[in-house]
Amino acid sequence: MSNPGEHNSNVIESFQQMADVLAAGARPRQEWRIGTEHEKFGFVLPDAAGPQRRAWSSPPYAPQGIEALLRDLAGENGGARWQEIIDRDALIGLKGAADAKGCSISLEPGGQFELSGAPLASLHETAAEMDRHFASIRKPCNELGIGFAPIGFHPTATRADIPWMPKSRYAIMRNYMPRVGTLGLDMMLRTCTVQVNLDFGSEADMARKMRVSLALQPVATALFASSPFYEGKPNGLLSNRAQVWTDTDNARSGMPHLFLRDGFSFAAYVNWLLDVPMYFVTRDDRMIDVAGCSFRAWLDGRDLPGLEGERPTIGDFEDHLTTVFPDVRLKQFLEMRGADAGSPAMMLAQSALWTGILYDDATLHAAEKLVLEHGWDDYSAIRAAVPRTGLDTPWGQGDLRGVAARMVELATDGLRARACRDAHGQDETRYLDPLREIVSGGPTQAEAWLAAYHGRWKGDVTRIFAEAAV
């Protein structure tokens, strides 16, 4: 697994150059890796509350908030473990070095704290990486009077309650989002996700994995639902995060049918991408707002405002790749984007589910047969339904819990075939245990939170922060 590198200033001379950026991700099976990214909401601990800091509210960027946490981590091990990422004099992230090489820490618009994990060979390594990350932030968080909880949608805050992070691209997106949907600002400020990034071996392998994972992404949304609260109360949804994505910016999100067709290719993805409106262009470390402009028209010779005479580069294309949000995103790997953030065990289970299904040939073939039992329109329809009805969403003669059970069974087969064992001789199938409990009739995270709300919490949603804290 790899990411596009530093900004490439080579001017685009042909369509094929852009397709080649994606094709460069193909790698032999022995080099396939697992990259897990997970986000979490910050909150102020009650003992640290005061006139300027309300208990359970989102911590500020500064002072004594997100920036201070980043600076503390940046000084870890004498500053050898992390390199600071600066945006217009503001510290907005960390890039791993030394034993954290391949990792990065970044901020979502509302201060959601994200670890982008390194490309790792096994889920055992992923589990260890997650444990190290949570352990590394506990001490500085306690000193700052803040905590973090991975939940799919902020359970209490309004938009106005959440501070914006000082990141240039977020200012551009903040202005643009209300023009293209009603819930884009909620997506930016009030959602958290977990995703796993997985490799492909060839263009044909990419297309097979795209079709299977995109079709089944709504089932994963139902399985990992963990956001049933809106501004302090249940609102009838199990995944408010997934509902937000139904009206954020449909030109760049969702389940494009093009991705599901036979013959889907790197070139087809580039063609789709060129017609997704742009956000920004970077020149001299400065982001220029071109939101709504056409990359295709720019390629064809039309000037962009503020960039007269400038021609698009490979680096500009690589930036544009990061501004689209389909449920499965293609870069130089495939990103599974359909799940709410949840407990560490569930976030590991999400990586285990897709690794098991997609990384073993026999299992992938069986998953293709499962997917082809229904038409593509059926999968689009359940995407709209699962935020409310979850695993109870009707499907064929039953509901999605049955499909989810088949997915977990397939993933189990795929992980067994990988035969990756830890120091105690255990294989990776144990990371699917939380999913086995759910598909056997247990509650999803959202259902468990709702039961707590109506039971032991006695209607006090703020109890979720302490119980979900990592």
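The coordinates are above.
Residues numbered from 1 in each chain as written. Predicted model: local features only at pLDDT ≥ 70, side-chain atom pairs only at ≥ 80, totals over all residues. Heavy atoms only, no water.

Brief notes about the overall build of the chain
Then step 1. Each helix and strand in the chain was counted, giving 17 helices and 17 strands.
Then step 2. Here the C-alpha radius of gyration of the chain, 21 Å, is about what a compact globule of 470 residues would show, namely 23 Å.
Then step 3. The C-alpha extent of the chain, read off along each of the three principal axes, is 65 × 55 × 45 Å.
Then step 4. When each of the 470 residues of the chain is scored for burial, the buried share is 59%.
Then step 5. A separation of at least 24 residues holds for 72% of the contacts in the chain among residues at least 6 apart in sequence.
Then step 6. Summing over all exposed atoms, the chain offers an accessible surface of approximately 18,200 Å²; the carbon and sulfur share of this is 49%.
Then step 7. With 48 positive and 61 negative side-chain charges, the chain shows a separation of 3 Å between the mean positions of the two kinds. (Helix = DSSP H or I, 4+ residues; strand = E, 2+ residues; numbered from the N terminus. Rg over C-alpha atoms; globule rule 2.2 N^0.38 Å. Buried < 20%, exposed > 50% of the residue type's maximum accessible area, 1.4 Å probe, protein only. Contact = heavy atoms within 4.5 Å. Areas by Shrake-Rupley, 256 points an atom, 1.4 Å probe, with all protein chains shown as cover. Lys, Arg positive; Asp, Glu negative; His and termini not counted. Charge placed at Lys NZ, Arg CZ, Asp CG, Glu CD.)

Structural notes on unusual backbone geometry
Then step 1. Residue Pro63 is reached from Ala62 by a cis peptide bond, and omega for that bond is -5 degrees.
Then step 2. Positive phi is not limited to glycine here, since Trp56 has a value of about 75 degrees.

Overview of the environment of Ala204
Then step 1. Take Ala204: it is sitting in helix α6 (residues 203–223).
Then step 2. According to the relative accessible area criterion, Ala204 is exposed, its value standing at 51%.
Then step 3. Remark: the alpha-carbon pair of Ala204 and Gly263, spanning 59 residues in sequence, is separated by 8.4 Å.

So, the pattern of salt bridges
Then step 1. Under the counting rule described, the total for this entry stands at 29 salt bridges.
Then step 2. Asp186 is paired through a salt bridge with Arg159; the nearest N and O atoms lie 2.9 Å apart. Of this pair, Asp186 sits in helix α5 (residues 184–190) while Arg159 sits in the loop between β6 (146–149) and α4 (168–176), and the two are 27 residues apart along the sequence.
Then step 3. Of the residues examined, Asp186 reaches a relative accessible area of 3% and is grouped as buried.
Then step 4. On the basis of relative accessibility, which here comes to 31%, the residue Arg159 falls in the partly exposed class.
Then step 5. It is possible to trace a salt-bridge network through shared partners that takes in Arg159, Asp186, Arg190 and Glu231. (Salt bridge = Lys/Arg side-chain N within 4 Å of Asp/Glu carboxyl O.)

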